[in-house]
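# Observations on the model geometry
The lines below spell out each chain.
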Amino acid sequence: MNNITATQTARRPLSDIDLRAVAPFVALAALLVFGALINPNFLGLDNLTNVATRSAFIAIIAVGATFVISAGGLDLSVGSMAAFVAGTMILFLNSGAVSGDTGMIAAAMLMALATGALCGLANGLITTLGRIEPFIVTLGTMGIFRALTIYLAEGGSIAIKSQELRAAYRPIYFGDVLGVPIPVIVILAVGIIGAFIFYRTRFGRHVTAVGSNEDVARYSGISVNRVRTLTYVIQGLCVAIAVLVYVPRLGAATPTTGLLWELQAITAVVIGGTALRGGVGRIWGTICGALILEVVGNIMVLSDLVSEYLIGAVQGAIIIIAMLIQRSLGRR
Amino acid sequence: MKAIFAGLAALALASVATMAGAQDKKVHIAVSIPAADHGWTGGVVYHAERAKKTLEARYPGLKITVKTSPDGASQANALEDLTAQGIDALVTLPHNSDELTDPIRQVKEKGTFVTVVDRALSDRSIQDLYVAGNNPELGRVAGEYIKKELGGKGDVVVIRGLPIVIDEERQKGFDEGIKGSEIKVLDRQFGNWSRDDAFKVMQDYLAKYKKIDAVWCQDDDMAVGVLEAIQQAKRTDIKFVVGGAGMKDMIKRVADGDSMIPVDVLYPPAMIATAMELTAGNFYDQVPVRGSYILDATLVTKENAKEFYFPDSPF
């Protein structure tokens, strides 16, 4: 990989566009049409903003997962980590360590970001220095983060105690700027920054290099362990950013917070066109994948076609069909 | 009330006098319950730990081991491990009745006293004592309240828990409660007893239906998500939400006269403590306890809410 690719990727002629990169967007468009046919309320502005806003958690976490997976790693701990970061953040908010609501929230946000980065660093260091499969490491930390959260909550939930603080923080999820919900703006910001790091920096190219062939990357002078560890730190930061948006929604961390988010995030990444074996990553595809997952769930509730017992089966089928469409586009 | 206290005191004195030695009798009770995977089971774990402390302090010879398991298969393993330690009694809230009936039967065959909580076994002859809330009644009480409050006519949406027997029984009870009225159930979807999922489902209901009179979500954790979704949509057509279980935040809303949460239907996680108390009583106090002990699905209203408010509980 040499330095001209970085500037050239953005200005390719239309005929050169990789159909696989476009495929997730085609699948999303198809789903939107399908949804509109099933229930006219689906295309209502309220419903669409609801769905886009709800997809924020998975979308933001999945951007981090794109880095980890592209570098040939895997992080199963993100859901539990989200619960843990949310729990500690709320406990900090309840401690009243900083006076003034705005100052308190800002301090808590910084603390959450630091906690997320440290959790990611732990995953990264254990994986690289301990030379253990990331699947096992993050399966372990998944249990640890979940248990710590339940321990902190004494088996119940951790809620923001001060109603004023809750009211002051609430707009981060429910507010909007010029009609665009704040969580959607956060998705876009994370996407832009993520895409910049991934496609336009040396680190980003190292990530794909490590993911496609570790040995070649090492012989090219890339510090494989450092790159891998950093992807886990980015993942931790993304989890923390998702938590910053999650906490103001219901104002609490519960034992069900973040349950199965890891699977949803990995699914979003794969639907988006990133290879699970590493080496290829698509940031915007990932965000589109997260939207697809949320839209599928939304359509299921809005339609009266499917028994509530069969929703899981239909969701699974739609995801597989979306992947098949993508594959057939890629072969052309 | 005084008379009862006097009677109890006399009984206590009598038992202290006659059975001073009996208090030191060595008894090992194992408690096997699901891990705290949502608010209600969190409450179960809390009350099990609390009951362990009080009971061990009351009976010096008593040893209680509380073991939580994340799923049915690991609970079966936990039962084997606990039995291997040599136990006199087992108090268990099984993840799944069908799956755990045989593992519990094996415990029983070793001569262990078996107390089953909340979820009855497929073969009821195994359990010496059965302590539970009343699931069909929880649905029926909620249904009847909604029928009465809406004047026998209106549109209701339902959020279900998980597809297991408990949820099925509650749904049937609810249908029975609204029977004979013009209450229309617009939709039933699973919210998995999770705040986040209930929030999503409620948002989708609000997009789908332009007029909803009341929401029945059978669980207080889910009610939190439902209320948040209604508040966000600024909808005023929904008159009230009926949850269930008896979470402290919801009981407080009822006590404060919140118009959105006018009532709650009781299904207390503290039933595990009831079961442990009765089991310990079987060994130390020679009181007959075998049989079924079904707690009421009490309708909590503004008037009686104080009785059911535990500010220190995590649930």
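Residue positions are given per chain, counted from 1 along the sequence in the order it is written. Each chain takes a letter, starting from A, and each ligand takes a number, starting from 1, following the order in which they are written. Two thresholds apply to this predicted model, a pLDDT of at least 70 for residue-level local features and 80 or more for giving and counting side-chain atom pairs, whereas whole-chain, interface and lining totals are computed over all residues. Working from all heavy atoms in the structure, the side-chain values ignore hydrogens and water.

Next up on the list: the overall build of chain A. Runs of H or I in DSSP of at least four residues are treated as helices and runs of E of at least two as strands, each being numbered from the N terminus. The helix and strand inventory of chain A stands at 16 helices and four strands. In this description the radius of gyration comes from C-alpha coordinates, and the expected globular size is given by 2.2 Å times residues to the power 0.38. The globule rule puts the C-alpha radius of gyration for 332 residues at 20 Å, and the 20 Å found for chain A is close to it. Structurally, chain A occupies a C-alpha span of about 55 × 55 × 40 Å along its principal axes. Looking at chain A as a whole, 52% of its 332 residues qualify as buried. Residue contacts are defined here by distance: any two heavy atoms, one from each residue, within 4.5 Å place the two residues in contact. The contacts in chain A between residues at least 6 apart in sequence include a share of 78% that link residues at least 24 apart. If you sum the accessible surface of chain A, you get close to 14700 Å²; carbon and sulfur atoms cover 66% of it. The charge count treats Lys and Arg as positive and Asp and Glu as negative. His and the chain ends do not count. Where a charge lies is defined by one atom per residue type, namely NZ (Lys), CZ (Arg), CG (Asp) and CD (Glu). Taking the 21 positively charged and 15 negatively charged side chains of chain A as two groups, their mean positions are separated by 11 Å. Exposure is judged per residue with a 1.4 Å probe applied to protein chains only, and the accessible area is read against the type maximum: over 50% gives exposed, under 20% gives buried, and values in between give partly exposed. Each accessible area is a Shrake-Rupley estimate made with a 1.4 Å probe; only the visible protein chains count as cover when residues are assessed.

Positive phi, normally seen in glycine, also occurs at Asn192(B), with a value near 55 degrees. Positionally, Asn192(B) belongs in the loop between strand S7 (182–190) and helix H7 (195–208).

Moving on, we come to the pairing of strand S3 (residues 89–92) of chain B. All names here are of chain B. Residues Ala 89 and Val 91 of S3 are buried on one face, and the alternating residues Leu 90 and Thr 92, pointing to the opposite face, are buried as well. Sheet topology places strand S1 (residues 27–34) next to S3; four bridges connect them, and they run parallel. Paired with Ile 29 across the bridge in S3 is Ala 89. Here a strand pair is declared whenever DSSP counts at least two bridges between the two strands. Pairing geometry for S3 and strand S4 (residues 113–117), over four bridges, is parallel. Within the sheet, the bridge partner assigned to Val 91 lies in S4 and is Thr 115. Assignment of crossover handedness uses the view with strands pointing away from the viewer, where a clockwise path from the first strand over the helix to the second indicates a right-handed crossover. For the segment spanning S3, helix H4 (residues 97–109) and S4, crossover handedness is right-handed.

Our focus in this paragraph is the interface of chain A and chain B. The partner chain B presents 34 residues to the 34 residues of chain A that form the contact. Summed over both partners, buried area is the accessible surface (1.4 Å probe) that two parts give up on being assembled. Roughly 2700 Å² of surface becomes buried between chain A and chain B when both sides are summed, with 49% attributable to carbon and sulfur atoms. Of all residues in chain A, Leu250(A), Val301(A) and Glu308(A) give up the largest surface area on contact with chain B, accounting jointly for 22% of the area buried on that side. We define a salt bridge as a contact between a side-chain nitrogen of Lys or Arg and a carboxyl oxygen of Asp or Glu at a distance within 4 Å. Where chain A packs against chain B, one counts five salt bridges. Pairing of N or O atoms within 3.5 Å defines a polar contact, subject to two protein rules: one partner must be a possible hydrogen donor and the other a possible acceptor, and residues neighboring in sequence count only if both atoms are side-chain atoms. Connecting chain A to chain B are 20 residue pairs in polar contact (both at pLDDT 80 or more). Of all the secondary structure elements, the ones that give two or more residues to the side of chain A that touches chain B are helix H3 (45–54), helix H9 (171–174), helix H13 (224–250) and helix H15 (283–302) of chain A. Counting residues per element, the side of chain A that touches chain B draws most heavily on H15(A), at six residues. Think of it as three bins: nonpolar holds Ala, Val, Leu, Ile, Met, Phe, Trp, Tyr, Cys and Pro, charged holds Asp, Glu, Lys and Arg, and polar takes everything else, Gly as well. Classifying every residue of the side of chain A that touches chain B gives 13 nonpolar, 13 polar and eight charged.

Residues and elements named next belong to chain A. Following the sequence through the fold, Gly 191 ends up in helix H10 (residues 182–200). Classification of Gly 191 by relative accessible area gives buried; the value is 0%. C-alpha of Gly 191 to C-alpha of Ser 328: the two residues are 137 residues apart in sequence and 26 Å apart in space.

What follows covers the domain arrangement of chain B. All names here are of chain B. When its domains are assigned, chain B resolves into domain 1 (19–133 + 269–284) and domain 2 (135–265). A separation of 32 Å is found between the C-alpha centroids of domain 1 and domain 2. Contact residues are listed per partner, giving six residues for domain 1 and five residues for domain 2. Taken together, the links from domain 1 to domain 2 amount to zero salt bridges. Connecting domain 1 to domain 2 are zero residue pairs in polar contact (both at pLDDT 80 or more). Grouping the constituent residues of the side of domain 1 that touches domain 2 by class yields one nonpolar, three polar and two charged. Residue ranges for the domains originate in an automatic or database domain assignment.

Here we take up the packing of aromatic side chains. Aromatic rings from Phe, Tyr and Trp, taking only the six-membered ring of Trp, are treated as a pair when their centres fall within 6.5 Å; an angle between ring planes under 30 degrees marks them as stacked, one over 60 as edge-to-face, and anything in between as tilted. Following the criterion strictly, the structure yields 17 aromatic pairs over all chains and no others. A ring pair is formed by Tyr59(B) and Tyr284(B), whose centres lie 4.3 Å apart and whose planes are at 10 degrees; its orientation type is stacked. One end of the pair, Tyr59(B), is in the loop between helix H2 (39–58) and strand S2 (62–69); the other, Tyr284(B), is in helix H10 (residues 271–284), with 225 residues separating them in the sequence. With respect to class, Tyr59(B) is no different from Tyr284(B); both count as buried. What links up through ring pairs into an aromatic cluster is the set Phe57(A), Tyr173(A), Phe174(A), Tyr246(A), Trp261(A) and Phe199(B).

What follows is about the sheet that holds strand S5 (residues 129–132) of chain B. All names here are of chain B. In spatial order, the strands read S2-S1-S3-S4-S5-S11; together these six strands make up an open sheet with parallel pairing. A single partner strand is all that each edge strand has here, and the edge strands are S2 and strand S11 (291–294). Neighbour-to-neighbour, the strand axes of this sheet turn through a mean angle of 15 degrees, independent of strand direction. In this structure, S5 lies alongside S11, joined through four bridges in parallel fashion. Across the sheet, Val 131 pairs through a bridge with Tyr 293, a residue of S11. Its contacts with the sheet place helix H3 (residues 72–84) against S1, S2 and S3, and it is angled at close to 160 degrees to S2. Note on geometry: axes are C-alpha line fits, over the in-contact stretch for helices, and angles between N-to-C directions span 0 to 180 degrees.

So, about the confidence of the model for chain B. All names here are of chain B. Values of pLDDT, the confidence the predictor places in each residue, fall between 0 and 100. The predicted model of chain B averages 87 in pLDDT, with 93% of residues at 70 or higher. Mean pLDDT across the elements of chain B ranges from a minimum in helix H1 (residues 2–18), with 47, to a maximum in strand S8 (residues 214–216), with 96. Counting contacts from residues 1–20, a segment whose pLDDT is below 50, to residues more than four positions away or on other chains yields four contacts.

Take the pattern of salt bridges next. All names here are of chain B. Inspection of the entire model under this criterion finds 29 salt bridges over all chains. Note that Asp 118 is salt-bridged to Arg 119, the shortest N-O span being 3.3 Å. Both residues of the pair, Asp 118 and Arg 119, count as buried. Its salt-bridge partner being Asp 213, residue Lys 239 comes within 2.9 Å of it at the nearest N-O pair. Placement of Lys 239 in the loop between helix H8 (220–233) and strand S9 (240–242) and of Asp 213 in the loop between H7 and S8 is noted, with a sequence separation of 26 residues between them. Given the relative accessible area of 46%, Lys 239 is considered partly exposed.

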